Every structure is written in structure tokens, then in C-alpha cells.
Amino acid sequence: RQDAKKRVEELRAIVEEYGYHYYVLDQPLVSDAEYDQFFHELLKIETEFPDLRTEDSPTVRVGGEPLPHFKKVEHRIPMLSLGNAFSADDLSDFDRRVRQLVGDSVRYTCELKIDGLAISLQYEEGRFVRGATRGDGTIGEDITENLKTIAAIPLKLKEAVTIEVRGEAYMPKPSFEKLNEAKEKSGDEKFANPRNAAAGSLRQLDPKLASKRNLSMFTYAIGSIEGKEIQSHSEGLDYLQELGFRVNRESKRCETIEEVIHYTEEWVEKRADLPYEIDGIVIKVDQLALQEKLGFTAKSPRWATAFKFPA
Ligand code: IVH
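Cut-off values and rules
- Residues numbered from 1 in each chain as written.
- Predicted model: local features only at pLDDT ≥ 70, side-chain atom pairs only at ≥ 80, totals over all residues.
- Heavy atoms only, no water.
- 1 Å grid on protein atoms, 1.4 Å probe; cavity = no way out; pocket = protein on both sides within 12 Å on 5 of 7 lines; lining within 4 Å.
- Points joined across faces, edges and corners; volume = space filled by probe spheres on them.
- Helix = DSSP H or I, 4+ residues; strand = E, 2+ residues; numbered from the N terminus.
- Nonpolar A, V, L, I, M, F, W, Y, C, P; charged D, E, K, R; others polar.
- UniProt positions renumbered as here; feature names shortened; annotations may be inferred.
- Contact = heavy atoms within 4.5 Å.
- Phe/Tyr/Trp six-rings, centres within 6.5 Å; stacked < 30°, edge-to-face > 60°.
- Buried < 20%, exposed > 50% of the residue type's maximum accessible area, 1.4 Å probe, protein only.
- Lys NZ or Arg CZ within 6 Å of the ring centre and 35° of its normal.
- Polar contact = N/O pair within 3.5 Å; in protein donor to acceptor, adjacent residues only side chain to side chain.
- Near = heavy atom within 4 Å.
- Areas by Shrake-Rupley, 256 points an atom, 1.4 Å probe, with all protein chains shown as cover.
- Expected span 1.5 Å × (residues − 1).
- Arc of directions from axis to C-beta.
- Pairing = 2+ DSSP bridges.
- Axes fitted to C-alpha atoms, helices over the stretch in contact; angles between N-to-C directions.

- Under the annotation held in an unreviewed UniProt entry, the chain carries the name DNA ligase and is attributed to Halalkalibacter hemicellulosilyticusJCM 9152.

This is the structure:
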């Protein structure tokens with residue numbers, strides 16, 4: 001047993017490191033077969049010695065027991081939606097309103113608008129403790145056990161911070177195609193699109209099923225954080241990456257609305273090549289002090305807008 005304990009610790013370190021490179025950085029260090037071998041060795045020892053299991057072992061990714069129902073979770077900071085822009089003119093109008101309110105020092109961050117399911121992830125002292133759906137923006141559902149099966153969601157962060165982060169869970173296009181092929185073969189009803197497939201996978205009560213769906217996730221915002229000063233949204237994204245979160249690399253800081261418009265036009269063409277679906281571009285005022293000054297309307301922030309691709 002003493003040997004088993006030592007081996008389990010070794011294997012966890014290996015599987016965590018390889019998993020991080022594979023699922024978070026998208027830069028595998030070893031082949032899938034090698035990774036699976038380590039993972040299964042770990043799983044085997046933990047099955048043989050159940051007292052060696054821990055809450056944050058990478059093996060929790062296979063999913064625990066089915067739940068009777070989802071609990072409700074209140075979002076202390078509401079999860080809002082965004083206003084829309086459908087054209088370059090709409091973007092120029094957005095920029096004009098922003099400049100009127102906060103002046104010309106404004107900068108923007110442009111990000112891909114991932115077409116999945118908005119989620120909130122709570123970490124206490126660096127440990128993943130709760131994950132929830134957006135719900136109506138104020139009350140969501142506790143889907144922690146399903147989210148633990150998403151390998152891109154860290155169970156432990158690189159710093160012992162207490163933080164709530166927001167992101168988008170989604171089903172990659174190849175996983176979606178495989179899933180629908182399997183549904184076709186078994187005569188089950190297919191999912192209409194990756195978004196519905198992701199939502200369906202996370203809204204069912206059996207984490208083992210969620211685990212088989214190969215979902216992924218990008219984080220795009222800090223909801224709240226204790227004991228850290230951050231000046232800008234782009235700095236927040238860099239920090240999320242440092243903590244071990246998966247952050248989309250295509251985001252871009254822009255000084256002018258012309259640059260923003262150019263970015264949106266570029267992605268109208270390039271989106272077909274991505275391994276995941278996007279339905280637009282999110283444009284955010286980068287400086288947090290200016291975001292605060294701009295504030296919110298009843299439903300959405302004045303400091304951000306979503307450019308929607310033409311259908
Ligand atoms: S920011 C307060 N950034 O789009 C604004 N949202 O209506 C918070 N989404 O349900 C949203 N990718 O889940 C933001 N890079 C991104 C996003 C993104 C996808 C989703 C989000 C929300 C909807 C906005």
C-alpha cells in the first residue's frame with residue numbers, strides 16, 4: 001500500500017501535467033495512448049485502494065454517481081447578457097456612445113463569441129468548489145459534478161486564490177459530429193447543433209454521461225476576486241491564463257473602432273476553419289475604471305456589445 005500511495009502521487013502529477021498541456025494549452029506533450037495508459041494505471045490503483053482516492057484526483061473526470069436533481073445557485077453578481085450590433089454602423093454608434101461618456105482614452109478588447117453555454121466557476125483557495133449555469137442570470141443550476149468531467153476546467157489552480165470566473169462550455173465540432181454519427185447508427189434523435197448538444201450534456205443528471213461527451217471550455221471574465229488588483233480586462237485574461245485556465249488566444253486589443261470592425265470582418269471569413277462554433281465577436285472596453293464609469297442598462301453593460309455574424 002505504501003508503494004501504491006507513492007505511485008498514485010507520481011501518476012497524479014504526470015496526468016495533471018500532461019492533461020494541462022493537452023486540454024488547456026492545446027499542446028500535447030505525449031501521444032493520446034501514452035496519456036491514457038497513465039490515466040488508467042491511476043484509475044486502477046484508486047479502484048484497488050479506495051482510501052487513496054481524493055476529490056481533486058484527475059480521475060474524477062470520469063464522473064461520479066447520478067444526482068436526484070440539480071440544486072439552485074444564486075449568482076451574487078448577476079450574469080448579464082449583451083446588447084447586439086449587426087453592422088459596422090452599429091459598431092460605430094456603440095463607439096460614439098462610449099466616447100461621449102468616457103472620452104477618447106478608451107481601448108477595446110475583441111474576443112470570439114463562443115456558441116455554447118454560459119457557466120460560472122467558483123474556486124476557494126485555489127480549489128474548484130462549485131459550477132453553475134447562467135439560468136435567468138440571477139439563479140442558475142448547480143452542475144458542479146458535470147463540469148468536473150470537463151478536462152479543460154482546472155480542479156486546482158496554480159495559486160490559492162478565491163475567485164469566481166465566467167466562461168463558455170461548448171462541444172467541439174469533431175465531438176459533435178462523432179456524437180451525431182453514433183446517434184444516427186443507434187437510431188436516436190440527433191442534436192440540432194453543438195450548442196444544444198453541450199446544453200443537453202450538462203443538463204442531465206448522470207456525470208458519467210457528461211464525461212463521455214468530450215466538452216471543452218474557455219474562460220472570458222473574472223466575476224469576482226479576493227485580494228488582487230486588476231486594471232484592465234486584457235490583464236484579467238492574462239491572469240486567468242496564469243492561474244491555469246483555458247483562455248482563447250484569438251482575442252485582440254484594439255485602439256480604434258476601425259480596428260474592431262476589421263477584426264469582425266476577418267472572422268466572418270475565418271470562423272469556418274475553427275474547431276468550435278462562434279456566433280459573433282464580443283467587444284469590451286478594456287479599462288476596468290472606464291467600464292465602471294459606463295455601468296449598465298437594465299439588462300446589459302454599456303461597456304460591451306456583441307457583433308452578430310450575418311446568418
Ligand atoms: S462576455 C456582461 N465574452 O455570450 C457580459 N460572453 O450575451 C458577459 N459568450 O451568455 C459576457 N463568448 O455566455 C462574453 N468571449 C465572450 C463570450 C461570451 C460567448 C456568451 C456568454 C453570454 C452571451 C452574451
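Structural notes on empty space enclosed by the protein
And step 1. If you walk through the whole model with that rule in mind, you get one cavity of 30 Å³ or more.
And step 2. Space inside the largest cavity adds up to approximately 40 Å³.
And step 3. Considering the residues around the largest cavity, the lining is formed by Tyr18, Tyr22, Pro28, Leu29, Val30, Ser31, Asp32 and Tyr35.
And step 4. When residues of the lining of the largest cavity are traced back to their parent elements, those giving at least two are helix H1 (2–24) and helix H2 (32–48).
And step 5. For the lining of the largest cavity, the class distribution of residues is six nonpolar, one polar and one charged.

Points about the UniProt feature "active site" (unreviewed entry) in the chain
And step 1. The feature "active site" (unreviewed entry), as given by UniProt, occupies Lys113 in the numbering adopted here.
And step 2. Considering the arrangement of structural elements, one finds Lys113 in strand S3 (residues 108–114).
And step 3. When residues no more than four places from it in sequence are discounted, the contact partners of Lys113 are Glu277, Ile278, Asp279, Gly280, Ile281, Val282, Ala306 and Lys308.

What about the packing of aromatic side chains?
And step 1. This model, assessed by the stated rule, comprises 14 aromatic pairs.
And step 2. With a centroid separation of 5.2 Å and 85 degrees between ring planes, the pair formed by Tyr123 and Phe245 is classed as edge-to-face. Of this pair, Tyr123 sits in strand S4 (residues 117–124) while Phe245 sits in the loop between helix H8 (233–243) and strand S9 (252–254), and the two are 122 residues apart along the sequence.
And step 3. Overall, Tyr123 belongs to the buried group, its relative accessible area being 0%.
And step 4. What links up through ring pairs into an aromatic cluster is the set Tyr22, Tyr23, Tyr35 and Phe39.
And step 5. Residue placement shows Lys158 over the ring face of Tyr20; its charged tip is 3.9 Å from the ring centre.
And step 6. In this arrangement the basic side chain of Lys228 is found over the ring face of Tyr239, its NZ or CZ atom lying 4.2 Å from the centre.

Focus on the environment of Arg12
And step 1. Assignment of secondary structure puts Arg12 in helix H1.
And step 2. The buried category is assigned to Arg12, whose relative accessible area is 13%.
And step 3. In the structure, Arg12 is positioned 73 residues away from Ala85 in sequence and 46 Å away in space, judged by C-alpha atoms.
And step 4. In contact with Arg12, other than residues within four places in its own chain, are Leu42, Glu46, Leu52, Arg53, Thr54, Ser57 and Pro58.
And step 5. A polar contact of 2.8 Å, which involves the side chain of Arg12, links it to the side chain of Glu46.

Considering the site of the ligand
And step 1. By nearness alone, every residue bordering the ligand is listed as Ser81, Leu82, Glu111, Leu112, Lys113, Ile114, Ala118, Glu168, Tyr220, Val282, Lys284 and Pro301.
And step 2. Contact between the ligand and Ile114: a nitrogen atom at 3.1 Å from a main-chain N or O atom of the residue.
And step 3. Taking Glu168, its side chain carries an N or O atom lying 2.3 Å from an oxygen atom of the ligand.
And step 4. For the ligand, whose accessible area on its own is 530 Å², the fraction buried by protein is 86%.
And step 5. Counting residues per element, the shell around the ligand draws most heavily on S3, which supplies four residues.
And step 6. In terms of residue class, the shell around the ligand is made up of seven nonpolar, one polar and four charged.

Observations regarding helix H9 (residues 257–270)
And step 1. Between its first and last C-alpha atoms H9 spans 20 Å; for 14 residues at 1.5 Å apiece the expected length is 20 Å, and the two agree.
And step 2. The complete set of buried residues in H9 reads Ile257, Val260, Ile261, Tyr263, Thr264 and Trp267. Summarising the axial view, the buried residues of H9 lie within an arc of 155 degrees, below the 170-degree limit, and thus occupy one face. Exposed side of H9, more than 90 degrees from the buried face: Glu258 and Glu269 are the residues found there.
And step 3. Here the buried face of H9 lies against helix H3 (88–102), S3, S9, strand S10 (278–285) and strand S11 (304–308).

A few points about the sheet that holds S11
And step 1. One open sheet holds the five strands; their spatial order is S2-S11-S10-S3-S9, and the pairing between them is mixed. Strands at the two margins of the open sheet, each flanked by one partner only, are strand S2 (84–85) and S9.
And step 2. As judged from the three bridges shared by S3 and S9, these two strands associate in the antiparallel manner. Paired with Tyr108 across the strands is Cys254, a residue of S9.
And step 3. Docked against the sheet, H3 engages S2, S3, S10 and S11, running at close to 175 degrees with respect to S11.

A few points about H2
And step 1. Over its 17 residues, H2 runs 24 Å from end to end, which matches the ideal 24 Å to within 8%, given 1.5 Å per residue.
And step 2. Those residues of H2 that sit buried are Tyr35, Phe39, Leu42, Ile45 and Glu46. Buried residues of H2, seen end-on, are gathered within an arc of 125 degrees and therefore sit on one face of the element. Residues of H2 that are exposed and angled more than 90 degrees away from the buried face: Ala33, Gln37, Lys44, Thr47 and Glu48.
And step 3. Buried residues belonging to H2 abut H1.

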